[in-house]
Amino acid sequence: MLATELAPGFLTRTCSFSTARLDSMRNRIRDGAHRIYRSAESPDVLPECEAEGLGWPRRVARAFRRVCEAETPVVLPGERILFTRTTPGIPPLYRDGEWKTLTGGSTLHELGPISNICADWGFVLGQGLLERRRVAMETASRPGHDERALEFLACAIETIDAVLALVDRYAETARKMGLTGLAAILEKVPGRPPETFHEALQALRILHAMVWLEGHYHVGLGRFDQYMWPYLEGDLESGRITLAGAEELLAEFFISLNKDSDLYPGVQQGDNGQTIMLGGVRHDGSPAVNELTAMAIRVALYTNMIDPKINLRISADTDLSLLGLAGELTRNGLGFPQYSNDEVVIPALVKHGYDLEDARDYTVAACWEFIIPGKGMEVVNTGAVSLPLAADKAIRQGLSADVGFEAILGRAADNIRERVFELADKYRRLLLPPAPYYSVLMEGCLENGRDLSRGLKYNNFGLHAAASANAADALAAVKRFVFDERSVTADELLEALDGNFENHESLRRRLTEDAPKVGNDEEADQLMVRLFEFVAEACEAIEDNGRGGKMRPGTGSAMYYIWLARGEPGDAAPPIGATAEGRKRGEFFSANLAPSPNAAIRGPIGVLQAFSRIDYGRICNGGPITMELSDLSFRDEDSIAKCALLVRTFAQLGCQQLQLNALNAETLLDAKRHPELHRNLIVRVWGWSGYFCELAPEYQDHVVARQLYGL
Amino acid sequence: MTSGVIHEIREFTTHDGPGVRTTVFLKGCPLRCAWCHNPEGLSPEPQTMRTARGERTVGRRYTAEQVAAILNRQAAILRSNGGGVTFSGGEPLLQAPFVEDIIGRLSNVHVVLDTSGYATESRFRRVAGMSQLVYFDLKLVDREAHIRYTGADNAPILANLRALSSMDVPFVIRVPLVPGVTDTGANLRAIAGIAGSLAGLVRVDLLPYHRAAGGKYAGLGMEFLPSWNEAQPANADVEPFLAAAVPVSVASGDIRLAREPERI
């Protein structure tokens, strides 16, 4: 009955090209064979910057140019989309002392350079770098620009010229090798606009890789099936390319994104933000799914690598056959696609001041944060509010002071507000370094003579309200046992918490097994909703984040489910002891939106119902419901169809974002013991997929210990 | 109002019937199948189970009202996804009045009864009659072998199967294929012979058995002693069924992960 509704095979699941060439390319890249072309060092630009007395923007442009010059053109065997990075590092622009003077008193976001945003790739492909250069020249020639603007434009032009010079050398190399077709493409793009799918992929490969060379990271690829489709559509219509040929090119492009994972800075390897967004709606609100949407999923099924990380925008009306195809990716264990619900996200963005047309164009940053390609200079990860800490402090202080439960909640709200304001104050001093090349790829920077670091149309900040289920469960346990039932005294609970439940095992079991839990119990769910209301109220009290934007609260945890539980050197948030939901000191929290790790949960339906209660109109920085399904849930066509129904239910219930992972706990344990046998095993970590064996042990253990549903 | 002991209520059980389902596992079973994958379902009382992460309680007493409230909260979701609720175990008919009470309180939910068929005929008829589909386990036709491997006579099971065939409730016969025990040619031919004569039969599902439940048994202070070769692949021979014109399917992969995943 379901099988016919889903029409299996309606969307083809297997690629039609002959894979021998790419099989070998993929294996060589996984083996890192191409890394022998890397030079040992990056150019040292400090002496010339100092000799010429260059300011910051000039130094960024100079370093970028020198890195481009230091790149050696490499053509790997059989390649049809070229660029292999050969300079491993980004040169320092200042000596330590000067850097401290320059940045003293300011807040640098993470490592410093602009990260975690998305260029308007369609816009840049459509113009070509030569046109972008002309725009910069024209702006510079108009009167009324200050020195700063003129310097920025000169820097931007320097970076464009550096890219074009590097591409010229690639073209020359290709021609010398007799690769006339590739040479012709490289003589054309990305200087001039591409006209074919192959040209567009080659142009994008270079434009995107260059962003990393300027020192940026978490470089998103945006709505790939939207801006690339016109090129593919034109090729298919004119018969220039076959479907199989297009799949093969796309697969090669996807593989190329995996060349330099080891060079990308992130908390863990694999955390590199190379996301693509598929599906959704067009600017006018009509459905945006096209042939490339399905092709990208199909090709990712073939490549089976951690990049690009695929996101799919859906609604309650999304075709079940597309969800079924997406379910195949999940079955492969890749941990993507991650689903975002347009019907929830778009109105929330509009409510937060985004124009409707822009809101309809949303993509995600590195993990899940909603941003607008080319129009957002948003800092979506200013840090975390530890909800368990806010709740725990309120519980301990409140019980000691003998106040009622509502007063404990009030204290939790105070603690949350204090932390939100702390983050806001810190980021009011945000210093974003100049980014002349990245600016070329955004709307308005060259047109207005303003570097990206000075802001774009949208300049909001985001924060993660982390580990909400643990916090709500702790409050729910206190309410039930101490206040409603009066079966546990305040002193007894405080003593148990202080002693990490030593000699209080029976109480810990009651807290774990008998207390209400988010995902199982409406009372606990409602406390979680209250916590998010407190976060929203605090954020809404910040009228201007210092850059003309707001503070957007989110539901993700990022790596904080480990950092906040255990403490992390360099992170401001203090670790937390034992907590009232029956969690001992040092035990992890759940990642993103998921029930507490130690809660006995009935399964995905209760989880979706619980998290559908959040007011996502106010909580819109993103952060997915994170569910691990047993890989046995996916063992046949019928099971995949049911997973598609589960995803549709997520949308129907009005949830915001979802990531599903198919896990087999025994495989993971075996991978810990014998990593050499599981080199290509991929798992979803917090908002990205990585190779299990490349994760630090604490992140591996968290994945293994997650709740597994749907056996 | 009745109450009963439930081992677990588990949502999104993809192999317990059509559509998106929630399965209620009732605790307690009159059979002692040597290959049982859910030893925590055997005793009718709540138990403490040791796992690598510490002790936890398995089984909890609920009133029918509580269970129905949990299920009714998600009834609309189950319905709109072509699914419903499955009662499994243990053996749900061991707590038949409790199950009837729950079903009576459900608001328009498709019910699957997943049973060993080992119950009095009146209990069996009452609960099966309140279900829209029955999953009926048929393990061994030979009476002696059935007693040897499950500790019980199969006469009531075969009688209930015939009773089911006379009711207006569609049913699926499920055969766990235990190597050298239930998957013998003789047993499969005997099952096919019975199945071929039954009205109302939708199909026969053959469920290849892969692994034993060693870890769980130890956690409950029980012993698991398979007398067959666990490494031997099950004989999922569909020929006897095709010969008897009985629709048959073979489940792929493990039926249920028998071992509690080791925790860190």
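Computed from a prediction, not measured in an experiment: that's the story for all the values here.

**Student:** Looking at this structure, I do not really get the overall build of chain A. What am I missing?
**Tutor:** What chain A contains, in helices and strands, is 30 helices and 13 strands. Radius of gyration (C-alpha) of chain A: 26 Å, near the 27 Å computed for a compact globule of 711 residues. The principal-axis extents of the C-alpha atoms in chain A amount to approximately 80 × 65 × 50 Å. Across chain A, the fraction of contacts at a sequence separation of at least 24, relative to all contacts at a separation of at least 6, is 78%. Per element, the accessible surface of chain A, about 23,100 Å² overall, is 50% carbon and sulfur. Taken together, the 75 basic and 98 acidic charged side chains of chain A have centroids lying 2 Å from each other.

**Student:** What am I meant to see in helix 18 (residues 387-400) of chain A here?
**Tutor:** Since the α-helix advances by 3.6 residues per turn, residues separated by three or four positions end up pointing in the same direction. Residues and elements named next belong to chain A. Between its first and last C-alpha atoms helix 18 spans 20 Å; for 14 residues at 1.5 Å apiece the expected length is 20 Å, and the two agree. Burial of helix 18 is extensive: 10 of the 14 residues sit out of reach of the surface. Taken together, the buried positions of helix 18 are L387, P388, L389, A390, A391, D392, A394, I395, G398 and L399. For helix 18, the secondary structure elements touched by its buried residues are strand 6 (384-386), helix 19 (405-428), strand 7 (461-466), helix 22 (468-484), helix 23 (490-498) and helix 25 (522-540). The N-cap of helix 18, judged by a side-chain oxygen 3.2 Å from the amide nitrogen of L389 a few residues on, is S386. D402, located one to two residues past helix 18, shows a positive phi value of around 60 degrees.

**Student:** What is the right way to read the packing of aromatic side chains from this model?
**Tutor:** By convention here, two paired aromatic rings are described through the distance between centres and the angle between planes. All chains considered together, the criterion is met by 24 aromatic pairs over all chains. With a centroid separation of 5.1 Å and 90 degrees between ring planes, the pair formed by W686 of chain A and W688 of chain A is classed as edge-to-face.

**Student:** What's the story with the sheet that holds strand 8 (residues 133-137) of chain B in this structure? I'm lost.
**Tutor:** Backbone-to-backbone hydrogen bonds join strands into a sheet, with any given pair of strands oriented parallel or antiparallel. Residues and elements named next belong to chain B. Taken together, the 9 strands give an open sheet; going across it, the order is 5-1-2-6-7-8-9-10-11, and neighbouring strands pair in mixed fashion. Only two strands of the sheet have a single neighbouring strand rather than two, namely strand 5 (60-63) and strand 11 (248-250). Strand-to-strand twist across the sheet, computed as the mean angle between neighbouring axes with direction ignored, equals 30 degrees. As paired strands, strand 2 (residues 21-26) and strand 6 (residues 84-89) are joined by 6 bridges and run parallel to one another. When the sheet's bridge partners are listed, F25 is paired in strand 6 with S88. Sheet strands in contact with helix 6 (residues 155-166) are strand 8 and strand 9 (171-177), and its direction is about 155 degrees off that of strand 8. Contacting strand 9 and strand 10 (201-208), helix 7 (residues 185-196) crosses the sheet at an angle of about 175 degrees to strand 9.

**Student:** Help me out: how do you make sense of the packing of helix 10 (residues 197-213) of chain A against helix 13 (residues 243-256) of chain A in this one?
**Tutor:** A pair of packed helices is characterised by two quantities: the angle between their axes and the separation of those axes. Residue and element names in this part refer to chain A. Helix 13 packs onto helix 10 with a crossing angle of 5 degrees between their chain directions and a minimal axis gap of 10 Å. Comparing the axis directions of helix 10 and helix 13 gives the class roughly parallel. On the side of helix 10, the interface is formed by F197, H198, L201, L204 and R205, while helix 13 contributes A246, L249, L250, F253 and S256. Taken together, the residues that form the contact of helix 10 with helix 13 break down as 7 nonpolar, 2 polar and 1 charged.

**Student:** Before we go on, may I ask you to explain the packing of helix 3 (residues 96-105) of chain B against helix 4 (residues 121-129) of chain B in this structure?
**Tutor:** All names here are of chain B. With their axes 10 Å apart at the nearest point, helix 3 and helix 4 run at an angle of 20 degrees to one another. When the interaxial angle is binned, helix 3 and helix 4 end up roughly parallel. Relative to helix 4, the crossing made by helix 3 is left-handed. On the side of helix 3, the interface is formed by A96, P97, V99, E100 and I103, while helix 4 contributes R123, R126 and V127.

**Student:** It is not clear to me how the pattern of salt bridges should be interpreted in this structure. Could you clarify?
**Tutor:** Between side chains of opposite charge, a pair can form as their charged atoms come close. As enumerated under the stated definition, the model contains 65 salt bridges over all chains in all. For D425 of chain A, the salt bridge is made with R428 of chain A, and the minimal N-O distance between the two is 3.8 Å. Taken together, the residues span about one helical turn, with D425 of chain A and R428 of chain A both in helix 19 at a distance of 3 residues. Exposure remark for D425 of chain A: the relative accessible area of 42% places this residue in the partly exposed category. D114 of chain B serves as the salt-bridge partner of R174 of chain B, at 3.9 Å between the closest nitrogen and oxygen. Of this pair, R174 of chain B sits in strand 9 while D114 of chain B sits in strand 7 (residues 110-115); the two residues are 60 residues apart in sequence, bridging distant segments of the chain. Comparing R174 of chain B with D114 of chain B, the two get one shared label, buried.

**Student:** Is there a simple way to think about helix 27 (residues 604-611) of chain A in this case?
**Tutor:** The element helix 27 of chain A is extensively covered by neighbouring structure, given that 8 of its 8 residues are classed as buried. By the burial criterion, the buried members of helix 27 of chain A are P604, I605, G606, V607, L608, Q609, A610 and F611 of chain A.

**Student:** What is the right way to read the sheet that holds strand 3 (residues 338-341) of chain A from this model?
**Tutor:** All names here are of chain A. Spatially, 6 strands are ordered 1-2-3-10-9-13 in an open sheet, and the strand pairing comes out mixed. For this open sheet the edge positions go to strand 1 (275-279) and strand 13 (708-709), each flanked by a neighbour on one side alone. Here 6 bridges tie strand 9 (residues 625-630) to strand 10 (residues 657-663), and the two strands are oriented parallel to one another. Note on strand 10: the bridge partner recorded for T626 is Q659. Contacts between helix 14 (residues 291-303) and the sheet are confined to strand 1 and strand 2 (309-314), with strand 1 contributing the most and set at about 135 degrees to the helix. Those strands touched by helix 27 are strand 9, strand 10 and strand 13, and its axis lies near 175 degrees from that of strand 9.

**Student:** Even after reading the chapter, I still don't get the environment of I395 of chain A, so can you show me in this structure?
**Tutor:** Residues and elements named next belong to chain A. The topology assignment puts I395 in helix 18. The spatial distance from the C-alpha of I395 to the C-alpha of L494 is 8.9 Å, given a sequence separation of 99 residues. For I395, the contacting residues outside a window of four places in its chain are I408, A474, L475, V478 and A580.

**Student:** Where do I start with the pairing of strand 7 of chain A in this structure?
**Tutor:** A regular strand places its side chains so that they alternate between the two faces of the sheet. Residue and element names in this part refer to chain A. For strand 7, a buried count of 6 out of 6 residues is recorded, marking the element as mostly surrounded by other parts of the structure. In strand 7, alternate side chains face the same way, and those of F461, L463 and A465 on one face and G462, H464 and A466 on the other are all buried. Bridge analysis of strand 6 against strand 7 gives 3 bridges, and the strand direction is parallel. Bridging from a neighbouring strand, A384 pairs with H464 of strand 7. Sheet topology places strand 7 next to strand 8 (residues 551-554); 4 bridges connect them, and they run parallel. When the bridges of strand 8 are listed, L463 appears paired with P553.

**Student:** Teacher, can you tell me more about the side chain of T363 of chain A here?
**Tutor:** All names here are of chain A. Relative to the assigned elements, T363 resides in strand 4 (residues 363-364). Overall, T363 belongs to the buried group, its relative accessible area being 0%. Among all residues touching T363, those that are not within four sequence positions of it are C118, G222, R223, M277, E369, F370, I371 and P373.

**Student:** Is there a simple way to think about the environment of W368 of chain A in this case?
**Tutor:** Residues and elements named next belong to chain A. On the secondary structure map, W368 appears in the loop between strand 4 and strand 5 (370-371). The class of W368 is buried, set by a relative accessible area of 0%. A distance of 3.5 Å separates a polar side-chain atom of W368 from the backbone oxygen of G622.

**Student:** What am I meant to see in the environment of A565 of chain A here?
**Tutor:** Residues and elements named next belong to chain A. Relative to the elements of secondary structure, A565 occurs in helix 26 (residues 560-566). Remark: the alpha-carbon pair of A565 and L349, spanning 216 residues in sequence, is separated by 31 Å. The contacts of A565, once residues within four sequence positions are left out, are Y560, P575, I576, R583, G586, E587, F588 and F589.

**Student:** Just to check I follow, could you spell out a negative patch on the surface for this structure?
**Tutor:** Residue and element names in this part refer to chain A. A cluster of acidic side chains, namely D402, D491, E492 and E495, defines a negative patch on the protein surface. Within the fold, D491 resides in helix 23. On the accessibility criterion, D491 (60% relative accessible area) is exposed.

Cut-offs applied
- For every chain, the first residue of the written sequence is number 1, and numbering continues from 1 along that sequence.
- Key to labels: chains lettered from A, ligands numbered from 1, both in the order written.
- This being a predicted model, a pLDDT of at least 70 is required before a residue's local features are given, and a value of 80 or more before pairs of side-chain atoms are given or counted; all residues contribute to the totals for chains, interfaces and linings.
- Excluded from the side-chain calculation are hydrogens and water; included are all heavy atoms of the structure.
- A helix here means a DSSP run of H or I that spans at least four residues, while a strand means a run of E at least two residues long, and both kinds are numbered starting from the N terminus.
- Put simply, the radius of gyration uses C-alpha atoms, and a globule should come to 2.2 Å times the residue count raised to 0.38.
- Residue contacts are counted whenever heavy atoms from the two residues lie within 4.5 Å of one another.
- The protein chains shown are the only cover counted for residues, whose accessible areas, like all others here, come from Shrake-Rupley with a 1.4 Å probe.
- In this tally, Lys and Arg are treated as positive and Asp and Glu as negative; His is ignored, and so are the chain termini.
- Think of each charge as sitting on NZ of Lys, CZ of Arg, CG of Asp or CD of Glu.
- By definition here, a helix of n residues has an expected span of 1.5 Å times n minus one.
- Note on classification: 1.4 Å probe, protein chains only; a residue is buried when its accessible area is under 20% of the maximum for its type, exposed when over 50%, partly exposed between these limits.
- In the analysis that follows, any N or O atom pair within 3.5 Å is treated as a polar contact, provided that within protein one partner can donate a hydrogen and the other can accept it, and provided that, for residues neighboring in sequence, both atoms belong to side chains.
- Two rings from Phe, Tyr or Trp (for Trp, the six-membered ring) form a pair when their centres are within 6.5 Å of each other. A pair whose planes differ by under 30 degrees is stacked, one over 60 is edge-to-face, and the rest are tilted.
- Here, any two strands with at least 2 DSSP bridges between them count as paired.
- To get an axis, fit a line to the C-alpha atoms, keeping to the stretch in contact for a helix; angles then go from 0 to 180 degrees between the N-to-C directions.
- By definition in this entry, angles of less than 35 degrees are roughly parallel, angles greater than 145 are roughly antiparallel, angles of 65 to 115 are roughly perpendicular, and the rest are oblique.
- Here the term charged refers only to Asp, Glu, Lys and Arg, the term nonpolar to Ala, Val, Leu, Ile, Met, Phe, Trp, Tyr, Cys and Pro, and the term polar to all other amino acids, Gly among them.
- The handedness criterion is simple: a crossing whose near helix is rotated anticlockwise from the far helix by less than a right angle is left-handed, and one whose near helix is rotated clockwise is right-handed.
- By salt bridge we mean one thing: a side-chain nitrogen of Lys or Arg within 4 Å of a carboxyl oxygen of Asp or Glu.
- Patch definition: residues with relative accessible area over 30% and no salt bridge; like charges joined within 9 Å; nonpolar side chains (Val, Leu, Ile, Met, Phe, Trp, Tyr) joined within 5 Å.

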